[in-house]
Amino acid sequence: MRHIISILMENEAGALSRVAGLFSARGYNIESLTVAPTEDASLSRMTLVTRGDENIIEQITKQLNKLVEVVKLLDLSEGPHVEREMMLIKVKAERSQRDEIKRLVDIFRGKIIDVTDASYLIELTGQASKLDAFVNAVEEELIVEVVRTGPSGIARGAKGLSL
Amino acid sequence: MELSGAEIVIQCLKDEGVEHVFGYPGGAVLHIYDALFQQDFVKHILVRHEQAATHAADGYARSTGKPGVALVTSGPGATNAVTGIATAYMDSIPMVVLTGQVPTPFIGSDAFQEVDTVGITRPCVKHNFLIKDVRDIAETMKKAFYIATSGRPGPVVVDIPKDITDPNKKIPYDYPKKIKMRSYSPVLRGHLGQIKKAVGLMLSAERPVFYTGGGVVLGDASEELRELTRELGFPITNTLMGLGSYPASDKQFIGMLGMHGTYEANMAMHDTDVLIAIGARFDDRVTGHIAHFCPNAKIIHVDIDPSSISKNVRVDVPIVGPVKSVLQDMLTVLKEGKKRPSSAALKKWWQQIDGWRGADCLSYDRTHAQIKPQFAIETLHKVTRGDAFVASDVGQHQMFAAQFYGFDKPRRWVNSGGLGTMGFGLPAAMGIQIAHPGADVALVTGEASVQMCIQELATCKQHDLPIKILLLNNGYMGMVRQWQEFFYDGRYSHSYVDALPDFVKLAESFGHVGMKVERPEDLEGAMQEAFDLKDRLVFMDVVIDPTENVYPMIEAGKGHHEMYLPPKSELV
Ligand SMILES: Cc1ncc(C[n+]2csc(CCOP(=O)(O)OP(=O)(O)O)c2C)c(N)n1
Ligand SMILES: [Mg+2]
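As the structure is a prediction and not an experimental result, all values here were calculated from the model.

**Q** For this particular structure, what's the right way to read the coordination of the magnesium ion (ligand 2)?
**A** As a benchmark, a tetrahedral metal site with four donors has ideal angles of 109.5 degrees, while an octahedral site with six donors has ideal angles of 90 or 180 degrees. Residue and element names in this part refer to chain B. At this site the magnesium ion (ligand 2) is bound by Glu447 (OE), Glu447 (OE), Asn474 (OD1) and Tyr476 (O), with donor distances of 2.1 to 2.6 Å. For the magnesium ion (ligand 2), the 6 donor atoms are set out with angles of 52 to 177 degrees between them, so the coordination reads as irregular. Read N to C, the donor residues that coordinate the magnesium ion (ligand 2) are spaced as E-x26-N-x1-Y. Separated by 27 residues along the polypeptide, Glu447 in the loop between strand E17 (441-446) and helix H17 (456-462) and Asn474 in the loop between strand E18 (468-473) and helix H18 (478-487) bring together distant segments of the chain.

Laid out in structure tokens, this is it:
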């Protein structure tokens, strides 16, 4: 099953490689991983998407918790939560294709953020499935480049993951 | 107090109460060595290879419970130390390894003797640090010792660039008294509800077994384990790492379990209805095939490390906490209640176990013309009155020592269980002897293993370490030969140790006493003579039967009930 794990960790050089190293050393898979400092500059927040059966996920969370730099951890998949991913996608947009692409961007509530004679650069945010749907909706030969951040996640409700 | 970085490193060791450091100098640690030279609280033991520095620090730690400390230079010094770090990591041994590093401005430039020590050691340390500012040394050292010794212990590497230890840059020094880390806080007590549940389960058991491991030794919980086991009257088996935590000479002890465990221990594991695992981690050499592991048992598991629980085997009552306090709580709960285990059921269980004991699974041919390794270990036990510290290397001799020495006290048996590192024994014995100057320290080794760190005979000479080396010389990598005999139709591919040195002359050339023993009737006298030489290292080259195998044996991937027994055993 797919799990999305939120990790609060010390914002220290090497912390990220400890997480990545743990996954490769123990043969767990990482689907995506995003990380950036939080409002408290001494802490980083990481969102990690992985797959595995119950036993593997239990080991993953225990092993992550064991890392000395991990402060707190939450398996978001255990409760209601929100996931968002951002995509930058560059597509060919010649005169004849422009209207069609523009319409598609509107339907998906994306933004065109750069324009040339021959291309659009589109920014799109949403659940991973929505981004997938957009990529599928654009004709394959029009796609020049796709950059995705991987999902960031947060639990619903008033409580936060903090110290 | 104003100190340089190098002086701070040494002062931190003093403030941690570290009296012995095992090390080897080099460019990146010269400032530290200079600071070391100018004081006499911290004593330095110069090894002959950095691998030995880490193994010696490890042996020191295993035999005392105090953290071992090693100091090595950057690059090759650090890479040589890696085997010892990994060895300590696999067996959860508290250790702090200080590695020199190239000066900070050079990091990442492929400078002379630069390696990414933090990167190389990351997967085999509990934690590691790269210090980038002289003002961080004291706090980092405090953290290093705290992390190494608390919770589930383990090795911590502190990588120190040369410029950080600059003797000309002095700063005020203050060693933190306490350290609190928001991201690291080991559990201090087990959950009382779970403990009560566990006690309830134990009391309802009809065929219970205690299965206890190295965690009991590391957690200094032998006293509590003895009390609980005796209170309940249950049989107890130890893992290779747990030997000594329960007295081998006690009647409730049914021997070691696992691949080379006793028939009675493994059969009891197979038939038990309540398994009480304490400070043990369900290693594959212990469980055999998981599908056949304790098929009828409810399992209680006490461990300080949550990730050990339900890792290999799902358990019914997990308890996360230090074994010592959990066992104390179990005793309290037990004593508060009136209920005791069913004596009728236990009596039946013991009858069954005594039946298995009748197989005499550790029997061997006592009439053989050559020295049998089992006999050599029994003789060692006799001559040292079962009271020596015994270090070992890896192979058949290790298993014979584990099976036949009969450890009655914790921290007396020092071996590399998790990583199985040949070459561990001699330097580990040095660490033990440094920590226990007057004690009998024996090294049980093989002619292949001992050659992997043989250079340490020089260290033993320089530091007057009167270790007694018992080389069980079978001319083979015996353990490899045994597998080849059993599983490769006797094709002994590269397991014959050709071109052996004359060990007697070798020992003598290092300034030690060498002895060669070939006949069973000479062994006890020779050993007695060796141990009577209180202040000399004696190297006993004991020529043993080269064909002997370790029994019982469970083939990798088989169940506990599928053991090979010695050829003469009644059950074969
Ligand atoms: C560093 C290392 N290399 C290889 C092995 C694999 N190995 C395990 S036991 C063994 C043979 C040990 O021979 P010896 O020291 O003579 O002991 P014996 O089994 O004969 O008692 C070998 C090669 C190991 N455990 N460690
Ligand atoms: Mg041998």
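**Q** Would you mind showing me how to read unusual backbone geometry here?
**A** Excluding glycine, a negative phi dihedral is what most residues carry, and trans is how most peptide bonds are arranged. All names here are of chain B. In this structure, Pro552 follows Tyr551 across a cis peptide bond, with omega equal to -10 degrees. By the secondary structure assignment, Pro552 is in the loop between strand E20 (538-543) and strand E21 (553-554). Positive phi, normally seen in glycine, also occurs at Gln113, with a value near 60 degrees. Here Gln113 lies in the loop between strand E5 (95-101) and helix H5 (117-121). At Ala499, a position not held by glycine, the phi torsion is positive, near 55 degrees. Along the chain, Ala499 falls in the loop between H18 and helix H19 (503-509). Under the relative-accessibility criterion, Ala499 is labelled exposed at 70%.

**Q** Just to check I follow, could you spell out the packing of aromatic side chains for this structure?
**A** When we look at a pair of aromatic rings, we describe it by the centre distance and by the angle of the planes. Residues and elements named next belong to chain B. Evaluated as defined, the whole model comprises 20 aromatic pairs over all chains. When the centroid spacing of 5.8 Å and the interplanar angle of 75 degrees are considered together, the rings of Phe282 and Phe293 count as edge-to-face. Taken together, the residues span a long stretch of sequence, with Phe282 in the loop between strand E12 (274-278) and helix H11 (284-287) and Phe293 in the loop between H11 and strand E13 (298-303) at a distance of 11 residues. Note on accessibility: Phe282 and Phe293 belong to one class, buried. Ring plane angle 15 degrees and centroid distance 5.5 Å describe the contact between Phe503 and Phe539, whose orientation is recorded as stacked. Residue Phe503 is found in helix H19, and its partner Phe539 is found in strand E20; the two are separated by 36 residues along the sequence. According to the relative accessible area criterion, Phe503 is buried, its value standing at 0%. For Phe539, a relative accessible area of 0% corresponds to the buried category. One Lys or Arg, Arg412, reaches over the ring of Phe389 and ends 4.3 Å from the middle of that ring.

**Q** Mind showing me how you'd approach the site of ligand 1 here?
**A** Residues and elements named next belong to chain B. Taken together, the neighbourhood of ligand 1 is formed by 17 residues, with Gln396, His397, Gly420, Ser449 and Gly478 sitting nearest. One nitrogen or oxygen atom from the main chain of Met422 is found 3.4 Å from a nitrogen atom belonging to ligand 1. Contact with the protein chains covers 76% of the free accessible surface of ligand 1, which is 580 Å². Here the element with the most residues in the shell around ligand 1 is H18; it accounts for 3 residues.

**Q** In this structure, what is going on with the nonpolar core? I would like to understand it.
**A** Across soluble globular proteins, you tend to see nonpolar side chains buried next to one another. All names here are of chain B. Within the largest apolar cluster, 99 residues are counted, with the highest numbers of intra-cluster contacts made by Met202, Leu275 and Met330. With 7 residues, the single largest contributor to this core is helix H12 (residues 323-336). If we skip the residues at most four places from it in the chain, Met330 touches Ile195, Ala198, Val199, Met202, Leu228, Val302 and Ile319. Counting residues in each nonpolar core, the second largest holds 46 residues, with Ala56, Ala86, Val441 and Ile454 among its members.

**Q** Help me understand a nonpolar patch on the surface in this model?
**A** Residues and elements named next belong to chain A. On the surface, Leu88, Ile113 and Val147 cluster together into a nonpolar patch covering about 220 Å² of accessible area. Relative to the assigned elements, Ile113 resides in strand E6 (residues 111-115). A relative accessible area of 42% means that Ile113 is categorised as partly exposed.

Rules and cut-offs
Residues numbered from 1 in each chain as written. Chains lettered and ligands numbered in written order. Predicted model: local features only at pLDDT ≥ 70, side-chain atom pairs only at ≥ 80, totals over all residues. Heavy atoms only, no water. Donors = N, O, S within 2.8 Å, 3.2 Å for Na, K, Ca; no water. Tetrahedral: all angles 85-135°; square planar, octahedral: opposite > 155°, others 65-115°. Helix = DSSP H or I, 4+ residues; strand = E, 2+ residues; numbered from the N terminus. Buried < 20%, exposed > 50% of the residue type's maximum accessible area, 1.4 Å probe, protein only. Phe/Tyr/Trp six-rings, centres within 6.5 Å; stacked < 30°, edge-to-face > 60°. Lys NZ or Arg CZ within 6 Å of the ring centre and 35° of its normal. Near = heavy atom within 4 Å. Polar contact = N/O pair within 3.5 Å; in protein donor to acceptor, adjacent residues only side chain to side chain. Areas by Shrake-Rupley, 256 points an atom, 1.4 Å probe, with all protein chains shown as cover. Core = buried A, V, L, I, M, F, W, Y, C linked by side-chain atoms within 4.5 Å. Contact = heavy atoms within 4.5 Å. Patch = residues over 30% accessible without salt bridge, like charges linked within 9 Å, V, L, I, M, F, W, Y side chains within 5 Å. Salt bridge = Lys/Arg side-chain N within 4 Å of Asp/Glu carboxyl O.

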